[in-house]
Amino acid sequence: MPDDTQNNNFGHASMTRGERIRAAARTLRTPRTASWVATETDVSVKTAQKYLDQLVEDNVLRKIKQGDQTLYCVDQLMATYREVAALQREHSREELTSALESMRTKITDWKQSYDVETPGELRASIADIDDANEIEVRREIASEWEHLADRVPVVRAALNEYDWATERDAIST
C-alpha cells in the first residue's frame, strides 16, 4: 500500500485546488495537518482547511485534536460502510458467498500447509528457512493472508445485511 509521504500527483496542473485536496485526503493513512496537505497540494493552508472540513462534513475524513493541532485522516468506519454498500450493489449474494468461501479456504490451506495460525507466525517462520525462493513465497503469502483477513469481515458484513440493504436500495415506482 502506498505511503502518504511518497511523491504524488497532487500538484498536477489539470486538477483544480479542490480536486488536488480531495485526492490527497483520500490517501491519508496517518493523521496530517491542514498545513501538511496544503504543502502537498500547493494551496494555501486556509484553502486546504476549507476543503478538508467539507470532507469531514461528508464523512470522508475525521478531524482529530492532538494537543493544539488539528489533524485529518480517512474515516475508516465510513469508508468500510461505503465499501459494504458497493459490494452489495455490484455483486449478487452468490458471488459474495463464493468470494468469502474462497478467502476462507485459502487461509485454512495456508494454516495447514505451514502449520501456523496467523500471518505473523508465517512471517516468523522465515527465520528457520535458508531457501531465498521459499522466503519470498512465505512473504507473499503472509501479505495476501493479511489482505484477505481484512477483506473477510467486510464481505461478511455485506452478506449479513444483504436482504436489508437491497430492500432499502430498491427504487420505488
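Everything quoted here is computed from the prediction, not taken from an experiment.

Basis of the calculations
- Residues numbered from 1 in each chain as written.
- Predicted model: local features only at pLDDT ≥ 70, side-chain atom pairs only at ≥ 80, totals over all residues.
- Heavy atoms only, no water.
- Pairing = 2+ DSSP bridges.
- Helix = DSSP H or I, 4+ residues; strand = E, 2+ residues; numbered from the N terminus.
- Axes fitted to C-alpha atoms, helices over the stretch in contact; angles between N-to-C directions.
- Left-handed = near helix turned anticlockwise from the far one by under 90°.
- pLDDT = per-residue confidence, 0-100.
- Contact = heavy atoms within 4.5 Å.
- Buried < 20%, exposed > 50% of the residue type's maximum accessible area, 1.4 Å probe, protein only.

1. A word on the pairing of strand 2 (residues 61-66)
Of the strand pairs in this sheet, strand 2 and strand 3 (residues 69-74) are connected by 6 bridges, and their pairing is antiparallel. Residue pairing across strands places Arg 62 opposite Cys 73, the latter belonging to strand 3. Between strand 2 and strand 3, which pair antiparallel and follow one another directly, the connecting turn spans 2 residues, one of which, Gly 67, has a positive phi of 65 degrees.

2. Concerning the sheet that holds strand 3
Each strand in a sheet pairs with its neighbour through backbone hydrogen bonds, running either in the same direction (parallel) or in the opposite one (antiparallel). Pairing within the open sheet is antiparallel, and its 3 strands lie in the order 1-3-2. If you trace the sheet from one side to the other, it starts and ends with strand 1 (32-33) and strand 2, each paired once.

3. Overview of the packing of helix 5 (residues 93-114) against helix 7 (residues 132-160)
Close contact between helix 5 and helix 7 brings their axes to 9 Å; oriented N to C, the two are set at 145 degrees. Classified by chirality, the crossing of helix 7 by helix 5 is left-handed.

4. Digging into the confidence of the model for the protein chain
For the protein chain, the average pLDDT comes to 87, and 87% of its residues sit at 70 or higher. Every residue in residues 1-8 scores below 50 in pLDDT, and together they form 12 contacts with partners more than four places removed in sequence or on other chains.

5. Some points on helix 2 (residues 34-41)
What helix 2 keeps buried is the set Ala 34, Trp 36, Val 37, Ala 38 and Thr 41. Packing partners of the buried residues in helix 2 comprise helix 1 (17-25), strand 1, helix 3 (45-57) and strand 3. One or two steps after helix 2, the chain reaches Asp 42, where phi turns positive at roughly 60 degrees.

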